[in-house]
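A structural walkthrough
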Amino acid sequence: MLDAATRQLVKATAPVLKEHGVTLTRHFYARMFQHNPELKQIFNQGHQQAGSQQQALAMAVAAYAEHIDDPSVLAPVLALVANKHASLGIRAEHYPIVGGHLLASIREVLGDAASDELIAAWAAAYGQLADILIAEEGKLYQQSANQPGGWSGWRGFKVGRKVVESEEITSFYLQPADGGPLPQYRPGQYLSVRLPVPQLGMMQPRQYSLSAAPGGSALRISVKREAGNDTPAGMVSNQLHDAVNVGDLLDVAPPLGDFFLHEERSGPVVLISAGVGITPMLSMLEQLLQQDSPRSIRFLHACRHGGVHAFRQQLDNWSREYPQLQAHTWYEFPRAGDVSGRDYQQVGRMALNTVAADAVLPDADYYLCGPLPFMQQQKQALLALGVDAARIHAEAFGTGGAGL
């Protein structure tokens, strides 16, 4: 535990970090990549170009300063960060490098305001945070490596199948190139995939939700094509769509993530998604159906129109086969060929109050995945309908979603 003087010094910087944090983190990343360019292959350069990674780090540093007296308040955020770090191969030896650049950036950006005492306090605070994350990530690495079919780091996987699911989403069925077994995972978790990006001249990792239940003959990810090959968000996803084919090899990290189906519970399950956010919901749904779970299931999905509505036929088949499943779909802009009552039930954006009688169920767990504004809106709608916040679980895609 840090002493009182150290905690006070760190806490006193929270208002400054809230106001100028992005300037600090932008300087930090530029400094680190200049002195340690090898780390560019670990960090998402798309998020770097978009500025979202700088914003997320600034918010995290300010929150840590604010809660330095009791970092356990940040436990959910730290769990998310630890899973993300482990999925990217961040190890204990990286922390001194990052810490050195962070402390130097504080001194360089704050100038005379960064006294020796303040730098020493932040060094101690960073050391405490690093110890927490290293310990948590060590557990994740050990769990991933020690399970049957598990591993640590990157493992070669071959693309066994490539299936177009909609105008935007394509599924990749990945099988171990070494012929070994597949690991188990929790429905809702994700894989990290790493491949070379020609625009950057380097390897880049991305996380994609596993879109099928565990126990199959391959690990399936379903990837959305982003608009424009040169947009930061599309550097890896579009490379997968355009350049990766059946038989090709990809580097894959073990399944991880702190968003997953609570299989130990017995109440109803409500799966709420938009766009490509459907992917972890499919994994959860398939697991429940394969286990012949008696839990009532509601599958609520929103997308723009039928052309981008992935897995519609599969969901229709499951809805007919399993009486415990009810599905409801919103199309924001139906096309001429989209048929109301067959392809979708409502026009416009998802409005949970219109289906509350069927979808807000006693003792239900609610799982949200989609763009951050969508998840924020649906969470507020659920709270307004009387749902306990502890029953609402959300996948924070990308950066900046931990505060949902």
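Preceding block: the structure.
To keep things clear, this report deals only with the structure shown in the data block. (Residues numbered from 1 in each chain as written. Predicted model: local features only at pLDDT ≥ 70, side-chain atom pairs only at ≥ 80, totals over all residues. Heavy atoms only, no water.)

What about the sheet that holds strand E3 (residues 190-197)?
Keep this limit in mind: Paired strands are those between which DSSP finds at least two bridges. Numbering of helices and strands starts at the N terminus; helices are DSSP runs of H or I of at least 4 residues and strands are runs of E of at least 2. Helix axes are fitted to C-alpha atoms over the stretch in contact, other axes to C-alpha atoms as well, and angles between N-to-C directions run from 0 to 180 degrees. Any pair of residues with heavy atoms lying within 4.5 Å of one another is described as a contacting pair.
Spatially, six strands are ordered E4-E3-E6-E1-E2-E5 in an open sheet, and the strand pairing comes out antiparallel. Of all the strands in the sheet, the pair left with one neighbour each is strand E4 (202-209) and strand E5 (219-224). Between one strand axis and the next, the sheet turns by 40° as a mean value, whatever way the strands run. Bridging between E3 and E4 involves eight bridges; their strand directions are antiparallel. The partner of Ser192 across the bridge, within E4, is Gln207. Here helix H5 (residues 75-88) sits on the sheet and contacts E3 and E4; the angle it forms with E3, its principal contact strand, is near 45°.

A look at the environment of Trp154
Looking at where Trp154 falls in the secondary structure, it is placed in the loop between helix H7 (116-146) and strand E1 (155-164). Expressed as a C-alpha distance, the spacing of Trp154 and Pro254, which sit 100 residues apart in the sequence, is 7.7 Å.

Things to note about the pattern of salt bridges
Just so we agree on the cut-off: By salt bridge we mean one thing: a side-chain nitrogen of Lys or Arg within 4 Å of a carboxyl oxygen of Asp or Glu. Note on exposure labels: buried denotes an accessible area under 20% of the residue type's maximum, exposed denotes more than 50%, and partly exposed covers the range between, all computed with a 1.4 Å probe on protein chains only.
Within this structure, the stated rule accounts for 17 salt bridges. The salt bridge involving Glu264 is made with Arg265; its shortest N-O contact spans 3.7 Å. Judged by its relative accessible area of 61%, Glu264 is exposed. Judged by its relative accessible area of 29%, Arg265 falls in the partly exposed class. The salt bridge partner of Asp365 is Arg265, with a shortest N-O separation of 2.5 Å. In this pair, Asp365 sits in strand E11 (residues 365-369) while Arg265 sits in the loop between strand E6 (249-252) and strand E7 (269-274), placing the two residues 100 residues apart along the sequence.

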